[in-house]
2 protein chains.
Amino acid sequence: MKKLDESLLLRLPPFSQLSRAQIRKILDQAQTKRLDEGGSFFSEGEEATRFYLLLDGHIRVIKTTPAGDQIIVLHIAAGQLFGIAAALGHSLYPATAQAAAESLALSWPMPLLQEFSAIYQGFATENYKVVGARMQEMQSRISEMATQQVEQRVATALLRLTNQAGRKTDEGIEIDFPITRQDISEMTGTTLHTVSRLLSGWEKQGIILSTRKRIVIVEAHQLVRISDNLT
Amino acid sequence: MKKLDESLLLRLPPFSQLSRAQIRKILDQAQTKRLDEGGSFFSEGEEATRFYLLLDGHIRVIKTTPAGDQIIVLHIAAGQLFGIAAALGHSLYPATAQAAAESLALSWPMPLLQEFSAIYQGFATENYKVVGARMQEMQSRISEMATQQVEQRVATALLRLTNQAGRKTDEGIEIDFPITRQDISEMTGTTLHTVSRLLSGWEKQGIILSTRKRIVIVEAHQLVRISDNLT
DNA sequence: ACACGTCTTTGCGCCCCGACAAACAGCGAG
DNA sequence: CTCGCTGTTTGTCGGGGCGCAAAGACGTGT
């Protein structure tokens with residue numbers, strides 16, 4: 001309900017064409033939730049009662065297989081809606097939304113999702129675009145997993161992360177939230193050992209810089225070359 | 001425009017709650033397209049001008065990687081809508097829709113997609129359900145590719161196919177359209193050689209029967225066991 | 001300052017599965 | 001009937017990357 005939030009929302013795609021009054025009305029119905037790294041907004045299998053908008057931070061969406069291993073399905077950056085699967089006919093959250101860094105989100109009761117879509121021009125179409133973009137990303141990842149080698153997949157994953165959460169520094173582009181080799185292995189379907197070996201190699205070649213939980217891409221074009229398998 | 005089509009449509013989810021008159025109006029605006037095995041309704045990258053409803057046959061949705069290998073993203077069974085990605089903000093078809101068997105489909109100009117959604121109760125929600133189901137399937141496949149061995153993935157793929165296109169025979173459940181080892185390898189991200197070896201092994205064990213382009217699952221529970229890695 | 005937990009690195013051996021090659025079987029065309 | 005194309009089988013070989021194990025680096029809390 002702070003003024004801060006109002007102007008913030010105005011800049012976000014789902015709400016960009018609304019009036020101040022409309023924004024305030026929407027905000028009145030929202031809850032704020034702040035989580036430390038590692039906390040979950042909701043978990044796979046829970047009843048999908050609310051949908052969310054990430055104001056700040058980063059979220060990883062995790063699925064756990066019957067066998068018990070976790071894999072990271074996608075990442076969500078600030079400004080994006082999440083937990084909207086119910087609009088697609090699911091009554092349960094299909095995955096877990098976990099904070100990859102300290103995160104702040106607004107949430108609304110699920111029935112308002114339909115209401116917002118019906119009432120506010122642009123909200124629905126923005127919704128679809130989010131879904132469409134995610135479907136494309138998932139398709140790409142299926143292709144990658146099917147055809148690419150581990151080395152290429154890891155390179156691709158890093159590039160994707162820089163696109164979604166890259167922050168320019170004087171050394172290169174830094175991935176703007178804490179991320180471990182384990183995380184990357186869960187994104188690419190390999191082991192943290194292999195990821196560690198690859199990153200070490202790349203660091204020796206000056207392609208990246210890396211400290212604990214932090215990765216900076218120095219020569220992105222080299223990663224592109226690797227992900228395209230031009231050896 | 002045949003009577004056949006009218007009653008057929010009435011039974012399909014997207015149109016199940018419509019009146020005869022509404023159905024006729026919808027049909028008047030539709031084109032019919034029949035394709036032999038191997039033909040394409042549309043191709044990846046083309047401008048998305050029409051959306052489709054599969055009346056009969058089976059379709060495989062293919063993506064080609066920059067490197068040139070094809071992978072089968074998903075299969076579409078009779079009664080399902082396809083080519084509706086434009087509703088999600090894409091102006092180009094994101095993949096190729098190829099007939100896996102002789103197929104018959106209706107199609108409408110893309111603008112009618114919004115119109116149908118707006119006018120006809122149930123059409124829009126049915127649409128979402130299709131999208132939701134496909135997203136879940138894609139998520140599952142990402143998990144599988146990330147965590148499962150090739151043998152498990154192939155078993156899972158066969159089970160999925162029997163669910164989507166299984167036809168009961170006296171020998172077991174038959175996959176109801178022509179499918180090659182190559183196809184299966186493109187679904188599971190492996191080579192046709194490995195698939196051939198696996199299927200041969202399973203046939204020796206009496207789990208499946210297989211002739212050229214035809215697969216019959218005899219002991220589905222054994223496949224479930226394999227896909228769950230209970231060796 | 002110290003101890004502890006988390007994250008990371010590195011080595012080694014094995015096995016799955018991809019690459020290559022060659023032959024066979026089924027089906028349609030002429 | 002025979003040819004040719006497409007799909008399938010089977011063998012051998014080699015390597016990428018996973019499992020296992022252990023130690024090292026970094027950050028944190030007390």
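The structure this text deals with has already been given above.
Source: prediction; values computed, not measured.

**Q** Which residues make up the overall build of chain A, and what values do they have?
**A** For chain A, the count of helices and strands is eight helices and 12 strands. In terms of overall dimensions, chain A is globule-like: its C-alpha atoms have a radius of gyration of 19 Å, near the 17 Å expected for 231 residues. Counting only C-alpha atoms, chain A reaches 55 × 45 × 30 Å along its principal axes. Relative to its full complement of 231 residues, chain A shows a buried share of 52%. Partitioning the contacts of chain A with sequence separation of at least 6, the portion at a separation of at least 24 is 69%. Only carbon and sulfur atoms are counted for the fraction: they give 50% of the accessible area of chain A, which is about 10700 Å².

**Q** Residue-level account of the sheet that holds strand E9 (residues 166-168) of chain B, with values.
**A** Residue and element names in this part refer to chain B. Taken in spatial order, the four strands line up as E9-E10-E12-E11 in an open sheet, and their pairing is antiparallel. The sheet is open, and its two borders are formed by E9 and strand E11 (208-211), each paired with just one other strand. Taken over all neighbouring pairs, the strand axes of this sheet differ in orientation by 25° on average, direction set aside. When E11 meets strand E12 (residues 214-217), the two strands line up antiparallel, connected through four bridges. Bridge pairing in E12 links Ile208 to Ile217. Packed onto the sheet, helix H5 (residues 150-165) meets E9, strand E10 (173-175) and E12 and runs at close to 95° relative to E10.

**Q** Describe the pattern of salt bridges, naming the residues involved and giving the relevant values.
**A** Applying the stated criterion across every chain, the model contains 18 salt bridges over all chains. For the salt bridge of Asp176 of chain A with Arg167 of chain A, the shortest nitrogen-to-oxygen distance reads 3.0 Å. Residue Asp176 of chain A is classed as partly exposed on the basis of its relative accessible area of 39%. According to the relative accessible area criterion, Arg167 of chain A is partly exposed, its value standing at 37%. In this structure, Arg167 of chain B and Glu174 of chain B form a salt bridge, with 3.1 Å as the shortest nitrogen-oxygen distance.

**Q** Summarise the protein's contact with DNA strand C; cite the residues concerned and give the values.
**A** Taken together, 17 residues lie near DNA strand C, and Arg181, Ser196 and Arg212 of chain A together with Thr190 and Thr194 of chain B sit nearest. Considering DNA strand C, the proportion of its atoms within 4 Å of the protein that are sugar or phosphate atoms stands at 56%. Between Arg181 of chain A and DNA strand C, the recorded distance is 2.9 Å, taken from a backbone N or O atom to a phosphate oxygen. His193 of chain B places a side-chain nitrogen or oxygen 3.4 Å from a base nitrogen of DNA strand C. With five residues, the single largest contributor to the surface near DNA strand C is helix H7 (residues 192-204) of chain A. Taken together, the residues of the surface near DNA strand C break down into two nonpolar, nine polar and six charged.

**Q** Now, about the protein's contact with DNA strand D: what can you tell me, with residues and values included?
**A** Taken together, 17 residues form the shell around DNA strand D, and within it Thr190 and Thr194 of chain A together with Arg181, Ser196 and Arg212 of chain B come nearest. Among all atoms of DNA strand D positioned within 4 Å of the protein, those belonging to sugar or phosphate total 62%. Measuring from a base nitrogen of DNA strand D, one finds a side-chain N or O atom of Arg197 of chain B at 3.0 Å. For the surface near DNA strand D, the elements supplying multiple residues, two or more each, are H7 of chain A together with helix H7 (192-204) of chain B. The leading source of residues in the surface near DNA strand D is H7 of chain B, at five residues.

**Q** Talk me through the relation of the copies chain B and chain A; I want residue IDs and the actual numbers.
**A** Turning chain B through 180° and shifting it by 0.0 Å along the axis lays it on chain A, with an RMSD of 0.1 Å. One copy is carried onto the other by what is essentially a two-fold rotation axis. Interface residue correspondence from chain B to chain A reaches 100%, placing this contact among same-surface, isologous pairings.

**Q** So what about the packing of H5 of chain B against helix H8 (residues 220-227) of chain B? Which residues, and what values?
**A** Residues and elements named next belong to chain B. Running from N to C, H5 and H8 cross one another at 140°; their axes reach a closest spacing of 8 Å. Here H5 is positioned oblique relative to H8, judged by the angle of their axes. Every pair of crossing elements has a handedness; the one defined by H5 and H8 is left-handed. Two secondary-structure elements touch here, H5 through Glu151, Gln152, Ala155, Thr156, Leu158 and Leu159 and H8 through Ala220, Leu223, Val224, Ile226 and Ser227. Each residue belonging to the contact of H5 with H8 can be placed in one class, and the counts come to seven nonpolar, three polar and one charged.

**Q** Now, about the environment of Val195 of chain A: what can you tell me, with residues and values included?
**A** All names here are of chain A. Mapped onto the fold, Val195 is located in helix H7. Looking at Val195, the relative accessible area reads 0%, which means it is buried. Expressed as a C-alpha distance, the spacing of Val195 and Glu46, which sit 149 residues apart in the sequence, is 32 Å. Sequence-distant contacts of Val195, defined by excluding residues within four places in its chain, comprise Val154, Arg181, Ile184, Ser185 and Thr190.

What counts and how
- Residues numbered from 1 in each chain as written.
- Chains lettered and ligands numbered in written order.
- Predicted model: local features only at pLDDT ≥ 70, side-chain atom pairs only at ≥ 80, totals over all residues.
- Heavy atoms only, no water.
- Helix = DSSP H or I, 4+ residues; strand = E, 2+ residues; numbered from the N terminus.
- Rg over C-alpha atoms; globule rule 2.2 N^0.38 Å.
- Buried < 20%, exposed > 50% of the residue type's maximum accessible area, 1.4 Å probe, protein only.
- Contact = heavy atoms within 4.5 Å.
- Areas by Shrake-Rupley, 256 points an atom, 1.4 Å probe, with all protein chains shown as cover.
- Pairing = 2+ DSSP bridges.
- Axes fitted to C-alpha atoms, helices over the stretch in contact; angles between N-to-C directions.
- Salt bridge = Lys/Arg side-chain N within 4 Å of Asp/Glu carboxyl O.
- Near = heavy atom within 4 Å.
- Polar contact = N/O pair within 3.5 Å; in protein donor to acceptor, adjacent residues only side chain to side chain.
- Nonpolar A, V, L, I, M, F, W, Y, C, P; charged D, E, K, R; others polar.
- Least-squares fit on C-alpha atoms with pLDDT ≥ 70 in both.
- Parallel < 35°, antiparallel > 145°, perpendicular 65-115°, else oblique.
- Left-handed = near helix turned anticlockwise from the far one by under 90°.

The analysis is restricted to geometry; functional conclusions fall outside its scope.
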